[in-house]
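# Examining the three-dimensional arrangement
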Amino acid sequence: MKFTLSWLEEHLITDATVDQIAETLTRIGLEVEEVWNPGETMKQFVVGHVVEAKQHPNADRLRVCMVDNGTETVQVVCGAPNARTGMKGVFAASGTTIPGTGMELRATKIRGESSNGMLCSEREMGLSDEHDGIIELPEDAPIGQSFAPVMGLDDPVFDVAITPNRQDCLGVYGIARDLAAAGLGELRAFRPDIVRGAFDSPIKVSLDLFPDDAKDACPCFVGRHFRGVKNGPSPVWMQRRLRAIGLRPISALVDITNYVTYDLGRPLHVFDAAHVTGDIRPRLARKGEKLQALNGKAYELDETMTVIADEAKAEGLGGVMGGEESGCTETTTDVFLEVALFDPLRTAATGRKLQIDSDARYRFERGVDPAMVLPGAEHATRLILDLCGGEASELVIAGSPEVPAKEVVFRPERTATLGGLELDADRQAEILETLGFGLDRGDPDRWRVTVPSWRTDVDGEADIVEEVTRIHGLDEVPSVPLPREHVISHPSLTVGQRRVPRAKRALASRSLVECVTWSFTSSSLAALFGGDRSLLLANPISADLDEMRPSILPNLLAAAQRNQARGFPDLALFEVGPAYRDMTPDGQDIVAGGIRVGQMVGRAWTGGARAVDVFDAKADALAALAAAGAPVDSLQVVAEAPAWYHPGQSGTLRLGPQNVLAWFGTLHPRVVEALDVKGPAVGFEVFVEKTPLPKAKPGRAKTRVELLPLQAVERDFAFVVPKDVAADAILRAARSADKKLIDGAEVFDVYTGTGVPDDAKSVAIAVRLQPRDRTLTDAEIDAVAAKVVAAVTKATGASLRG
């Protein structure tokens, strides 16, 4: 919501400064996003006096002007037809950037004559589209001074963020009312002149076409016919205000409707009466009905939408936008004014369905003051008559503009108990009455508060407390610490909620870079990752983001491709977020997914860089699972994975036959080629929420840190096993040989070749023994080693390699 200081002062008698107004607006809940003064940005443009203007010797349409800019007289070549001796205009010196064109002026020669600066038109100054001549300033304009005050452009503009519940502040008058209640001035009463009609309107209005279950679509319609109007440009003061808030002046009739919309928060519309057939009959649209709107677009309507129709067709979308055919032009002489109420829900649904954003829709879907229908019609009538002339008919009223008053029982002590603000009853009453609330204080403990018609957001006692508190000042509410029920505070996150941040931290510690990508991807990429066509979007934000992503990997691979195109071949990326299997409520998984592309860069003593492989992806997946609390030692590794992984170079980590916790592996060449990713690429997908939670209820004490003084012992074993035996089976068997002493086991070599049968392989593992109460003897170590060999042999049929 934008407005200028002079506009606000039409409704608020105040001597407050711009800074005081901005501070007060933010303090009472109307956050000021920006305040700027157009005059400040135009200081370098000054009043110039054309001392002499003569014909250019080498060009028929150019004149050579000697311009006094207050400090010196310079020569300017000007092509404007109204440039003449003695006039005053807007002068821009060399080195100045012209706001309307972005051109930087330089001293130059034009057809052989030097030119130092420019005399500017309104379009060049960004004030309008007028460029037939240069701006002419009054004769008494001070030479050399900024031109902005002369043209009334030194008017500060406020940009205020209005929350959805404050529809009453979508007009300058509503903002002035709030500022008056906050003690920043006195509100001028709005009492529009009552205009007596000179004739009966030839166009009538009827609401009888609405079915009984849709009477609320347009509960009230007030119209008025005007004849003999002249639709020329609106006055300069109105154009300046509309331009200041970002609206382009069009014509007097259109500008009046825009002005009243922002002035009072009361949207209007005017029809060219010559293009209205018969009477106005608002109704629900017919399925397939077409409307050419004022924005130049054609729309197909349906029976859920409200239209303003005549006897022949729809002329506009109720509460959203008018139709082009009955729009007002410079030839319009007879018009019909519409001041109506429309159902907020239908208006919002229509705008969303047709993707139309308009000032009218923005206000109607939030709720327009129903009591402003008749005053708005009278105010618009006076503006039309004053600016366009002509005669007005009697008002045509269909439906009822009267809305039953809403009454709320309010207990003054609730301001303290609910809002935390100790405030005496008289001060509370003063605030409410200034805001327009009616009070019956017959019972001093239970007031009967009548809610004003413009506050459709106020429903109960808590809303009244909010009004009193925000106007008196939220900064006046004392800070009170919350009582602590326990000396030691409870964790704010549960064990389950901590899984995602822990997984992120673990992956980041492994040198993967976190990405945040869209939850959408292209349907062509989704097809490579098992995409479900039911997840296609009806209204995608982009043509290449038209399906909910079935996996995180396609977006990460696309990011890798973009980075490689910019000279970064080796990448390690991850993301934790949702992936979608289907449209059911359970069809969404929280996945920690990552990729490695190109080479793993190691330390110098490890042999330098090497290509990424499947075991890097497996290690990343296990690290994420361990951080999320999964029992990593109990996981089963199965040599199978979805089709986007390379068969034979991928696997699944699962807990039992059904609970799949992760996939990992080398990505299929088909996928890598489709995404134009260079080099080897591996990936993993960890299903974070499938990690089982601890069965025992977590205690408050931290886990005991076990710092053992006894040195661990490692023993290496090489087993010969059939080629189809998984190394994981050997490790699981070795760990189970003696759970008290064996602290861990890992594979450090796999060998095939000379000395090993063709159908077998040698798997070398390192087993770590950790004594806890005494140093192990050689005999005890040998006994554990024998248990390891026996366990592995029994589980896998392995033999100890000689």
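All of the points below concern the structure found in this document. (Residues numbered from 1 in each chain as written. Predicted model: local features only at pLDDT ≥ 70, side-chain atom pairs only at ≥ 80, totals over all residues. Heavy atoms only, no water.)

### A closer look at the nonpolar core
Membership of the largest hydrophobic core comes to 76 residues, with the highest contact counts inside it found for Leu8, Ile21, Leu25 and Leu179. The contacts of leucine 25, once residues within four sequence positions are left out, are Phe3, Leu30, Glu31, Val32, Phe158, Val160, Ile175 and Leu179. (Core = buried A, V, L, I, M, F, W, Y, C linked by side-chain atoms within 4.5 Å. Buried < 20%, exposed > 50% of the residue type's maximum accessible area, 1.4 Å probe, protein only. Contact = heavy atoms within 4.5 Å.)

### Some remarks on helix α18 (residues 727-735)
For α18, the complete set of buried residues consists of Asp728, Ile730, Leu731, Ala733 and Ala734. Against β34 (636-638), β38 (713-722), β39 (742-751), β40 (760-769) and α19 (778-796) lie the buried residues of α18. (Helix = DSSP H or I, 4+ residues; strand = E, 2+ residues; numbered from the N terminus.)

### Comments concerning the pairing of strand β19 (residues 314-317)
Direction of pairing for strand β18 (residues 306-309) relative to β19: antiparallel, over a ladder of 3 bridges. Within the sheet, the bridge partner assigned to isoleucine 308 lies in β19 and is glycine 316. Pairing geometry for β19 and strand β20 (residues 321-322), over 2 bridges, is antiparallel. Bridge pairing in β20 places leucine 317 opposite methionine 321. Hairpin connection from β19 to β20: 3 residues lie between these consecutive antiparallel strands, with glycine 319 at a positive phi of about 80°. (Pairing = 2+ DSSP bridges.)

### A few points about the pattern of salt bridges
Any two side chains of opposite charge can pair, given that their charged atoms come close. Applying the stated criterion to the full structure yields 43 salt bridges. Measuring nitrogen to oxygen at the nearest pair gives 2.8 Å for the salt bridge that ties arginine 281 to aspartate 208. Pair noted here: arginine 281 is in the loop between β14 (269-272) and β15 (283-284) and aspartate 208 is in the loop between β12 (186-187) and β13 (220-227), with a separation of 73 residues, a long-range link. Here glutamate 640 ties to arginine 654 by a salt bridge, and the two come within 3.9 Å at their closest N and O atoms. You can see glutamate 640 sitting in the loop between β34 and β35 (645-655) and its partner arginine 654 sitting in strand β35, a full 14 residues away along the chain. Ionic contacts of the salt-bridge type, sharing partners, join the residues Arg166, Asp168, Asp178, Arg455, Asp457, Glu467 and Arg470 into one network. (Salt bridge = Lys/Arg side-chain N within 4 Å of Asp/Glu carboxyl O.)

### Structural notes on the sheet that holds strand β3 (residues 31-36)
Strand order in this open sheet of 3 strands is β1-β11-β3, and the pairing throughout is antiparallel. Looking along the sheet, the strands with just one partner apiece sit at the ends: β1 (2-4) and β3. Between one strand axis and the next, the sheet turns through 25° on average, direction left out of account. In this sheet, strand β11 (residues 157-161) lies alongside β3 in antiparallel orientation, the contact comprising 5 bridges. From the neighbouring strand, valine 35 faces β11, where its bridge partner is phenylalanine 158. (Axes fitted to C-alpha atoms, helices over the stretch in contact; angles between N-to-C directions.)

### Points about the pairing of β18
Burial of the side chains of β18 extends over both faces: Thr306 and Ile308 are buried on one face and Val307 and Ala309 on the other. Pairing analysis gives 2 bridges linking β15 to β18, with the strands arranged antiparallel. For leucine 284, the partnering residue across the bridge sits in β18 and is threonine 306. Count of turn residues in the β18/β19 antiparallel hairpin: 4 residues.

### Some points on the side chain of threonine 96
Relative to the elements of secondary structure, threonine 96 occurs in the loop between β7 (88-92) and β8 (108-110). In this structure the side chain of threonine 96 is engaged in a polar contact, spanning 2.8 Å, whose partner is the backbone oxygen of alanine 93. Not counting residues within four places of it along the chain, the set of residues in contact with threonine 96 comprises Gln44, Phe45, Met103, Glu104 and Leu105. (Polar contact = N/O pair within 3.5 Å; in protein donor to acceptor, adjacent residues only side chain to side chain.)

### Quick notes on the sheet that holds β38
The strand order β39-β40-β38-β41 describes an open sheet built from 4 strands, whose pairing is antiparallel. Bordering the open sheet on either side are β39 and β41 (799-800), each of which pairs with just one other strand. Here β38 runs beside β40; their pairing, made up of 10 bridges, is antiparallel. Note on β40: the bridge partner recorded for valine 720 is serine 762. The sheet strands contacting α18 are β38, β39 and β40, and the helix crosses β39 at an angle near 150°. Contacting β38, β39, β40 and β41, α19 crosses the sheet at an angle of about 25° to β38.

Remember, this is a structural readout, not a statement about activity or role.
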